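Next come the chains, spelled out residue by residue.
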Amino acid sequence: MTLTALRRGLTAAALIACAPLSALAQDFTPSNPECIAPANPGGGWDFTCRQVGKSLQDEGLIPSTMQVVNLSGGGGGVAFAEVVNKRNDDNDLIVAASSATATRLAQNAFPGNTMDQVRWLASVGADYGVIAVAKDSEINTLPKLMDKMKADPKSVAIGGGSAVGGWDHLKVLIAAQEAGIEDVRQVKYIAFAGGGEAVTQLLAGSLQAFTGDLSEAKGFVDSGDIKVLAVLAPERLGGEFADIPTAKEQGIDAIGANWRGFYAPGGMSDAAYDYWVDAIAKLYASDEWKQVMETNGLAPLDLHGAEFQAFVQESVNNITALSKEIGIIQ
Amino acid sequence: MDTLASLADGFVVALTFQNILLALVGCFLGTIMGALPGLGPSNGVAILIPVAFTLGLGPTPALILLTSVYYGAMYGGRISSILLNIPGDEPALMTCLDGYPMAKQGRAGEALALSGIASFVGAFFATWGLVLLAPQLVKVALLFGPAEYFALFTLAFATLGGISATNQAKSAFAAALGLGLAMIGVDTQTGVPRFTFGEVHLYDGIDFLVAIVGLFALSEVFIFLEHRGSAEEEAAKPKIEIGRIVPSWGLIRYCTPTMLRSTVLGFIAGVLPGAGASLGSFISYSIEKKVVDSSGKTFGKGDPRGVAAPEAGNNAAAGGALVPMLALGVPGSGTTAVLLAVLLSLNITPGPLLFSQNPDVVWGLIAALFIGNLMLLAMNIPMVGLFTRVLMVPPRILMPVVAMISFVGIYGISGSSFDLLVMIAFGVGGWALRKLDVPLVPVILGTLLGNEMEVNLRRAVTIDDGNYGILVGSPLAIALWTIAIVGFILPIFVGGILKRRMKQAHEEGSLTD
């Protein structure tokens, strides 16, 4: 008798314990959570997948280890096509994305694919763009640099870590447009294999200016080798970067954020979609993630669900317009 | 000496039981990964990142594990080059040229042991270079602008003529083919896709590993299939003997100058971001050939110096590549790019301030490199006997295994079945080229270096507004061009004279080599 009562009691307790969990899970829990990093190990997408996967598990937001799959090729296009064509109904799958994904979608660089074919989940932070010069450069403000470019576009070679038409290139063009340079095609942009290589060439004297992300420039800012003219953020960043002026306060209203986030297959069920949006939002709010962001120089950018979808749509539209203007696409 | 005191502190950090165990595990795994075609140092390191994180290792132990894998893979790459004529990774490419002929002559044991020693010499002195010169060496990297890089890559191609083939025209054809393949993909300087036929898989260009495994490993399998079971095969495949395992003291002494010269060249190539270990082993081999064997008599036919040079060169380059990574935060090779990402996720920002901000990490890491390098030498020499057993495996068992490892290895990297098709295409292409007696090494070199050569030319010219004068605009560039031109022209004349002499000598019947 007592045993049965005890058992009943335990069952009830277990049920009560489970109740909030199932409410949280919104009728869905991934049995095999998987994150596709659309690049080789070592890059930004790979980092996003691995770091988010680890933190989600640490925080108990997913039931098992996140499996990270590297599916490189086509600047993310191979992974995008794979998700659209072969894994459209997969509820356990999320894919790392960033401004580069939006840029390529805007420029039709994923042949036959558009941004509506997938569901955009949430962002996990942003890396704001910077424009910098070597420490011994005579240029001290962004308007000065822009004036020089306006007077003689050939006198300033700007290097960055993305291909022509890529995000590092577009950022500087956005600034040039805001500064009143009419024909932005005149801007002399030199593409390098990565931000670090471009900074090295700035120090070597081959370039006059550098465009990239704050995280790429951080080490050289700390050592005093380069001067950051402006950060392309809506307002000054906190902490150690508080000294860096924004472009906006210098009269050039340019914002360039390299956001990091995730998309999911287009056929993902609403329950699963809500589950992932919710998990990433909770992760974003956690102390562990704040620590990760600080370590990696990520600035806040907290968008999820429909908000994030609209944000990506807007950046795709803006990039499409700009790319048409500079002749990257017709 | 400040530096030596710091290094001593580094040894204190590195010499804990846990760290030594990690270095041992890393070295062993690295060697195996390096030896398997497809899996190279960068994948090896990437595979172990989650392991390091799961074990909850701190920055120093994690780095010790991962750099041991890195050095181990650089050692391991030579094994399959020598035994199977299949490079385990890109930098081990040049080791095939003399390593495999040595194995065929029944000197596999010697080749493996000698290349192990050469690897040790290269890595050992490169690590010292890292200790003593890292801050100064950064300035060398800053001397190289796009124009100088272009001159450097041209130098590499100018010395190509001496490599592998007796027929220079075929060599040049193979290099041109490689350069053509390098053009596939999105052109970074204009953002326009080239030769991709709208196929998104080709936008990033052709992966070197896919090309190497296809050209070398699969074509080997095809050749085997073609000759399968024929009497010809039995006759063509003499029973391979392993030979002595420890090379004679005399042989080591004979190769010492080669190792030292190659170490210096490899180290410099490693220090330059964007050049890396492949260029290191390549330049080491071709310059060494010019220095000691300008008539092309012994290199490519199993000359021990042809094994020692690239191995010392690529291991020195591996050490050299850590210089820009640590001191500039700029990866000099694919593997250092992965290591850089690890450093960042461990809350360490590589860059000009790393040596002053995180001395324990840097010096602990450098001490670990010394320890790992010694371990690798100690581990590799006794393992030579074990590795050479591979040669005892009959081809009808070995070849399917090679095919399997190739497919699994390539699929494991990219997870893309398209890459498998590309690999098969390269296998068929490699088989055809072999039939036509066209050397395969220049094809890979063209693919590997062609892109960098092209983009640096275009960067230089764009920076100088379309003026080609910038290409000879600095003393360094002029010096590199001079070496390139001398290296290209000299062998044509000297080689001619030497060949005539040899002919005379031959007619007199005194040439027995």
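All residue numbers here refer to positions counted from 1 along the written sequence of the relevant chain. A letter from A marks each chain and a number from 1 marks each ligand, given out in the order of writing. Where totals are concerned, whole chains, interfaces and linings use all residues; where local detail is concerned, this predicted model gives features only for residues with pLDDT of at least 70, and gives and counts side-chain atom pairs only at 80 or more.

S.K.: Would you mind going over the overall build of chain A in detail, with residue names and values included?
M.R.: By definition, any uninterrupted DSSP run of H or I lasting at least four residues is a helix, any uninterrupted run of E lasting at least two residues is a strand, and each is numbered from the N terminus. Helix and strand counts for chain A stand at 11 helices and 9 strands. Dimensions along the principal axes, computed over C-alpha positions, put chain A at roughly 95 × 45 × 30 Å. Three exposure classes are used. Buried residues have 20 or more other C-beta atoms within 10 Å of their own C-beta, exposed residues have 12 or fewer, and partly exposed residues fall in between, all C-beta atoms being placed from the backbone. Counting over 330 residues, chain A shows a buried share of 55%.

S.K.: Lay out the domain arrangement of chain A with the relevant residues and their values.
M.R.: Residues and elements named next belong to chain A. Domain assignment breaks chain A into domain 1 (28-126 + 259-326) and domain 2 (128-257). One C-alpha centre belongs to domain 1, the other to domain 2; they are set 27 Å apart. Contacts between the two partners involve 15 residues from domain 1 and, on the opposite side, 15 residues from domain 2. Counting only elements with at least two residues in the side of domain 1 that touches domain 2, the list comes to α4 (99-106) and α11 (306-326). In terms of residue count, α11 provides more of the side of domain 1 that touches domain 2 than any other element does, 5 residues in total. Throughout this entry, Asp, Glu, Lys and Arg are counted as charged residues, while Ala, Val, Leu, Ile, Met, Phe, Trp, Tyr, Cys and Pro are counted as nonpolar. The remaining residues, Gly among them, count as polar. Looking at the side of domain 1 that touches domain 2 residue by residue, the classes come out as 8 nonpolar, 6 polar and 1 charged. Residue ranges for the domains originate in an automatic or database domain assignment. Once C-beta atoms have been placed from the backbone, residue pairs whose C-beta atoms lie within 7 Å are recorded as contacts.

S.K.: Describe the nonpolar core, naming the residues involved and giving the relevant values.
M.R.: Among buried residues, those of type Ala, Val, Leu, Ile, Met, Phe, Trp, Tyr and Cys that are joined through C-beta atoms within 7 Å form a set called a nonpolar core. One finds Leu121 of chain A together with Leu66 of chain B to be the most contacted residues of the largest nonpolar core, which totals 276 residues. Considering every element that reaches this core, the biggest residue donor is helix α6 (residues 108-143) of chain B, with 18 residues. A domain-level breakdown of this core finds at least three residues from each of domain 1 (28-126 + 259-326) and domain 2 (128-257) of chain A. Leu121 of chain A has contacts with Ile94, Gly261, Phe262, Tyr263, Ala264, Trp276, Val277, Ile280, His304 and Phe308 of chain A, leaving out every residue within four places of it along the chain.

S.K.: I'd love a proper account of the packing of helix α6 (residues 167-178) of chain A against α11 of chain A, names of residues and values included.
M.R.: Packed helix pairs are characterised by how far apart their axes lie and by the angle those axes make with each other. All names here are of chain A. Helix axes use the C-alpha atoms of the stretch in contact, all axes being lines fitted to C-alpha atoms, and the angles between their N-to-C directions lie in the range 0 to 180 degrees. Packing of α6 against α11 brings their axes to within 11 Å, and their N-to-C directions diverge by 85°. Compared by their axis directions, α6 and α11 come out roughly perpendicular. Facing Leu170, Leu173 and Ile174 of α6, the residues of α11 in contact are Ile319, Leu322 and Ile326. Taken together, the residues of the contact of α6 with α11 break down into 6 nonpolar, no polar and no charged. In these notes the angle categories are as follows: under 35 degrees is roughly parallel, over 145 is roughly antiparallel, 65 to 115 is roughly perpendicular, and the rest is oblique.

S.K.: Tell me about the pairing of strand β7 (residues 209-213) of chain A, residues and numbers included.
M.R.: All names here are of chain A. For β7, the buried fraction is high: 5 of the 5 residues fall into the buried class. Relative to β7, strand β4 (residues 118-134) runs antiparallel, the two sharing 4 bridges. In the strand pairing of β7, Gly129 is matched with Asp213. The pairing criterion is simple: DSSP has to find at least two bridges between the two strands.

S.K.: Kindly report on the interface of chain A and chain B, identifying the contributing residues and their values.
M.R.: Contacts between the two partners involve 42 residues from chain A, matched on the other side by 42 residues from chain B. Those elements that place two or more of their residues in the side of chain A that touches chain B are α2 (44-58), β2 (67-70), α3 (77-86), β6 (188-191), α7 (195-203) and α8 (214-223) of chain A. Across the side of chain A that touches chain B, the residue classes tally to 18 nonpolar, 17 polar and 7 charged.

S.K.: Would you mind going over unusual backbone geometry in detail, with residue names and values included?
M.R.: Here Asn108 of chain A, not a glycine, exhibits a phi torsion of approximately 55°, which is positive. Relative to the helices and strands, Asn108 of chain A is located in the loop between α4 and β4. In this structure Asn108 of chain A comes out as partly exposed when scored by C-beta crowding, with 15 C-beta atoms within 10 Å. The residue Asp465 of chain B is not glycine, and still its phi comes out positive at about 55°. With respect to the element layout, Asp465 of chain B can be found in the loop between α19 (441-463) and α20 (475-507).

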